[in-house]
Amino acid sequence: MEKRVRVRFAPSPTGGLHMGGVRTALFNYLFAKRHKGDFILRIEDTDQTRFVEGAEEYIINALTWCGIPPNEGVGFGNGKHAPYRQSERKDLGIYKTYAERLIESGHAYYAFDTSEELDEMRKRLEAAKVVAPQYNAVTRQTMRNSLTLPEDEVKRLLEAETPHVVRLKVPRNEDIRFHDIIRGWVVVNSAQVDDKVLLKSDGMPTYHLAHIVDDIEMEISHAVRGEEWLPSAPAHILIYKYLGLENDMPKLAHLPLILNPDGHGKISKREARFPVFPLSWQDPREATPYLGYKEAGYYPEAFVNILALLGWNPGNNEEIFSVDELAALFDFERVHKSGAKFDPEKAKWFNQQYLRKKSDEELADAFEPFLKEKGFSVEKPFLMAFCRLVKEKVQFVHEFWEQGKYVFVAPEAYDEKVLSKKWKENSKESFTALMTAFSNLKNWDVSSITTCFHAVEAEKGKLDMQVLRVLITGVAGGPQLFDMLELIGKTAVSDRMKQALEKLD
RNA sequence: GGCCCGUUCGUCUAGGGGUUAGGACACGUCCCUUUCACGGAUGAAACACGGGUUCGAUUCCCGUACGGGCUACCA
């Protein structure tokens, strides 16, 4: 019988959760949904030195904003496997029990080496032209551990509470073979694996031990994580094996990384030319906050959509998917092996697709605060009409201002390019006639404006619409002109034309 | 350096032993439009290289190159 699908997202609270992390969370969420399983948030706070205030809360908020909330875990309700913070689980003695099991079966040992001694060992090896110095089957024989020290000495050190770690005893030369859902079979020789620290001298487990213990205890069915974990997977396989849990271990899936658009490497927060965090992140150690996708004007649906298509796609030409649609389609079979460079331009396009689906009312409500900030306040129906007109031109709500501010403010300058090309000898006369005709109009709506415009043209000859646009708005482009005129209003249009015609000869 | 993973247009990708190698973003052109967009059409643009295997390889295998990851008492 297949195990119930239970997956986890297990970040460490060492900073803001960036988009790579969100993508990992997303794939976990999607997979859980698809199989009607559980999605768990576990906080891996085993490194006290890297703990960052506010990070955990940020992670919870970010997942919530993205619309991919876990249904179990820190911040999302306790299941029967609480607690979900590793620091709390450590206090329960969970990890120590497993570490002791490994020691008893001879697969782990105590090591008393100080960090100075470890440094010395590395230096010595480097001097001897060893390219990758590591604590392993060979070097452990020269170090101070329960494998080299006399039994009574070890006992004495332990009783004296001498600082020590517990290390995994990795065999010297043994092929470790494991299966990854995305990558297939991977084989690594144990000579490449060092004797990983399982329990640190402060009593905390390392990631390597802790995640295995928790995945087992929490009945995790699939361990889905970033590709950066692939090299340590062989050590993890060994731990499962030595614990006798090979058959209970979760299936492994290592996700491809999200890479920087132009430069190299995985995406980093320093890149700064586009947001890397879902929500703005203020690191307590830094002065300036990082802008998030939310603050940049992205819809969470768009953000999630973008992320979903980085390293996965449904196999057809469709690109716009809601989270629910993604969940119905998602499959590790279709997850790529190679990393994907993130394209900020396409990200904007995605947001535009979602913006266009919004109603005029939603857009008006969203834009209102921006307008207010600029010092304007208008009736809702007016703002809705405004949004209807301008929405085709924007990718973000805040762009409504830049793209349509002339509806609210009379222009101070007029597009030189258009005027130098299209402003003719008789332009002033014809547009003055148009202005007069406009001011005599009884009804101020698109059809009256259109009729009036044509009537003046019949009398005075062709009137250039782009010139008219420039006279009213100052700029060469914008939404449907006559609709704009209607919106701006008869009085304002007349005033603006008058002002413009006075400035132009 | 070592180990591991990868490699289709600039980017995200579809495809897969025989295809005019498809789509999307960005870019160019045209149509629609008395303005501006949207929209539509269209163009340029890719199988990293070298060896195999095969009647045939972009697709399978091996090398090379390139890219990425890891190489901590960090995750």
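Above this note sits the structure.
In this report, the structure presented in the accompanying data block is examined. (Residues numbered from 1 in each chain as written. Chains lettered and ligands numbered in written order. Predicted model: local features only at pLDDT ≥ 70, side-chain atom pairs only at ≥ 80, totals over all residues. Heavy atoms only, no water.)

Describing the protein's contact with RNA strand B
Rules: A single heavy atom is enough: if one lies within 4 Å of a molecule or strand, its residue is considered near that molecule or strand. Any N or O atom pair separated by 3.5 Å or less is treated as a polar contact, with the protein-specific requirement of one donor-capable and one acceptor-capable atom, and with residues adjacent in sequence counted only for side-chain atom pairs. Helix and strand labels come from DSSP, where a helix needs a run of H or I of at least four residues and a strand needs a run of E of at least two; each type is numbered from the N terminus.
Near RNA strand B, the surroundings consist of 64 residues, among which Glu-319, His-454, Glu-457, Arg-469 and Gln-480 are the closest. At 3.2 Å, a side-chain N or O of Gln-192 approaches a sugar or linking oxygen of RNA strand B. Separating a sugar or linking oxygen of RNA strand B from a side-chain N or O atom of Lys-393 is a distance of 2.8 Å. Looking at the surface near RNA strand B, the elements with two or more residues in it are α5 (115-127), β5 (165-168), β12 (340-341), α11 (344-357), α17 (446-460) and α18 (465-473). Of the residues forming the surface near RNA strand B, the biggest block, four residues, is contributed by α11.

Digging into the packing of α18 against helix α20 (residues 490-503)
To be explicit about the condition: Where helices are involved, their axes are fitted lines through C-alpha atoms of the stretch in contact, as for all axes, and angles between N-to-C directions lie from 0 to 180°. Put simply, angles under 35 degrees are roughly parallel, angles over 145 are roughly antiparallel, angles from 65 to 115 are roughly perpendicular, and the rest are oblique. Only heavy atoms enter the contact rule, under which two residues are in contact if any of them lie within 4.5 Å. Polarity classes work like this: nonpolar for Ala, Val, Leu, Ile, Met, Phe, Trp, Tyr, Cys and Pro, charged for Asp, Glu, Lys and Arg, and polar for all others, with Gly in that last group.
Where α18 meets α20, the closest approach of the two axes is 8 Å, and the angle between their N-to-C directions is 100°. Comparing their axes, α20 and α18 come out roughly perpendicular. In contact with Leu-468, Leu-471 and Ile-472 of α18, α20 contributes Val-493, Arg-496, Met-497, Ala-500 and Leu-501. When grouped by side-chain class, the residues that make up the contact of α18 with α20 number seven nonpolar, no polar and one charged.

Digging into the nonpolar core
When a protein is soluble and globular, its nonpolar side chains tend to lie buried together. As a reminder of what qualifies: The criterion is simple. A nonpolar core is a set of buried Ala, Val, Leu, Ile, Met, Phe, Trp, Tyr and Cys residues joined through side-chain atoms within 4.5 Å. Only protein chains enter the accessibility calculation, which uses a 1.4 Å probe; a residue whose area is less than 20% of its type maximum is buried, one above 50% is exposed, and one in between is partly exposed.
Judged by nonpolar contacts, the single largest core of 67 residues is most densely connected at Met-19, Leu-30, Leu-41, Ile-68, Phe-332 and Phe-342. Those elements that place two or more of their residues in this core are β1 (6-9), α1 (19-34), β2 (38-41), α2 (55-66), β10 (251-255), α9 (300-308), α10 (323-329) and α11. With nine residues, the single largest contributor to this core is α1. Once residues lying within four places of it in the same chain are set aside, the contact partners of Phe-342 are Met-19, Ile-258, Leu-259, Pro-261, Ile-267, Phe-274, Tyr-293, Ile-306, Leu-310 and Ala-347. Among the nonpolar cores identified, the runner-up in size contains 52 residues, and Ala-302, Leu-371, Val-456 and Leu-463 belong to it.

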